[in-house]
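# Structural overview for review
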Amino acid sequence: MDPVLMGVVIGALLSFLSSFLLDYFRGRREDRALERQAADDKRKERLALQESRYSDRKAAYLRFEQQVDKRFSRAARDEAEGEPSPADRGAEGWELSVVEEELLEVQLLSGAEAKGAAEDVADALHKFVLEYDGAGLREARERFRAAVRRELGVDEASPPGATNRPAPELSRGELRPDASPAQISKGQ
């Protein structure tokens with residue numbers, strides 16, 4: 001066989017082999033990049049879902065607390081102004097069903113501790129409105145706030161990994177019904 005022809009054949013084979021290997025490894029690299037991208041997309045979706053759930057819980061807790069506070073403040077104001085007590089007037093006009101609706105949302109979105117604390121608050125509010133016995137309401141509200149802070153990761157005593165991100169402090173003292181979400185996240 002002619003050495004020139006042999007060189008041409010070997011060169012062609014080496015060229016074909018190198019092209020094949022380059023294409024093969026390029027394809028593998030692209031496949032790995034696509035797999036990484038799919039994993040990143042899945043992780044981003046999961047984080048977005050967690051963020052949405054976190055925001056939903058925080059909003060539900062705040063709405064529930066606002067509804068309870070609205071009724072409690074109204075009764076305290078009425079008492080200070082010499083109006084008949086809620087127990088004397090009955091449950092009409094107190095819109096306790098609104099509190100029950102907010103409680104249902106809290107029950108659906110929260111963990112066991114916050115759920116139980118919210119139920120205790122609702123029970124204490126009913127007792128306050130119907131019997132004008134507010135002895136347990138303040139304590140129930142404090143337990144609810146503490147449970148919410150732990151669940152949202154605001155409290156330093158929260159277990160590690162309680163939330164998907166560090167949560168802003170809800171307030172410097174109590175949750176305020178007139179605070180906007182931006183004010184709450186800034187701790188105002």
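Residues numbered from 1 in each chain as written. Predicted model: local features only at pLDDT ≥ 70, side-chain atom pairs only at ≥ 80, totals over all residues. Heavy atoms only, no water.

## Remarks on the nonpolar core
If you look at the biggest cluster of nonpolar residues, it comprises 26 residues, and the most contacted ones within it are Tyr61, Phe64, Val106, Val121, Leu125 and Phe144. Residue assignment for this core shows that the elements contributing at least two residues are helix H1 (3-80), helix H3 (96-109), helix H4 (112-131) and helix H5 (137-152). Residues within four places of leucine 125 in sequence aside, it is in contact with Val68, Arg71, Leu96, Val99 and Leu137. (Core = buried A, V, L, I, M, F, W, Y, C linked by side-chain atoms within 4.5 Å. Buried < 20%, exposed > 50% of the residue type's maximum accessible area, 1.4 Å probe, protein only. Helix = DSSP H or I, 4+ residues; strand = E, 2+ residues; numbered from the N terminus. Contact = heavy atoms within 4.5 Å.)

## Re H1
Between the first and last C-alpha of H1 there are 113 Å, a value that for 78 residues agrees with the 116 Å anticipated at 1.5 Å per step. A positive backbone phi angle near 80° is found at glycine 82, which sits one or two residues after H1. (Expected span 1.5 Å × (residues − 1).)

## A short note on the environment of glutamate 105
Turning to its location among the elements, glutamate 105 is positioned in helix H3. Considering only alpha carbons, one finds glutamate 105 and alanine 60, 45 residues apart in sequence, at a separation of 6.3 Å. Ignoring any residue separated from it by four or fewer positions in sequence, one finds glutamate 105 in contact with Ala60 and Arg63. Looking at glutamate 105, its side chain comes within polar contact range of the side chain of arginine 63, at 2.7 Å. (Polar contact = N/O pair within 3.5 Å; in protein donor to acceptor, adjacent residues only side chain to side chain.)

## What to know about the packing of aromatic side chains
One pass over the full model with this rule turns up 5 aromatic pairs. Taking 6.5 Å as the distance between ring centres and 20° as the angle between the ring planes, the aromatic pair formed by phenylalanine 20 and tyrosine 24 counts as stacked. Of the two residues, phenylalanine 20 and tyrosine 24 are both situated in helix H1; the distance of 4 residues between them amounts to about one turn of the helix. Classification of phenylalanine 20 by relative accessible area gives partly exposed; the value is 48%. Looking at tyrosine 24, the relative accessible area reads 40%, which means it is partly exposed. (Phe/Tyr/Trp six-rings, centres within 6.5 Å; stacked < 30°, edge-to-face > 60°.)

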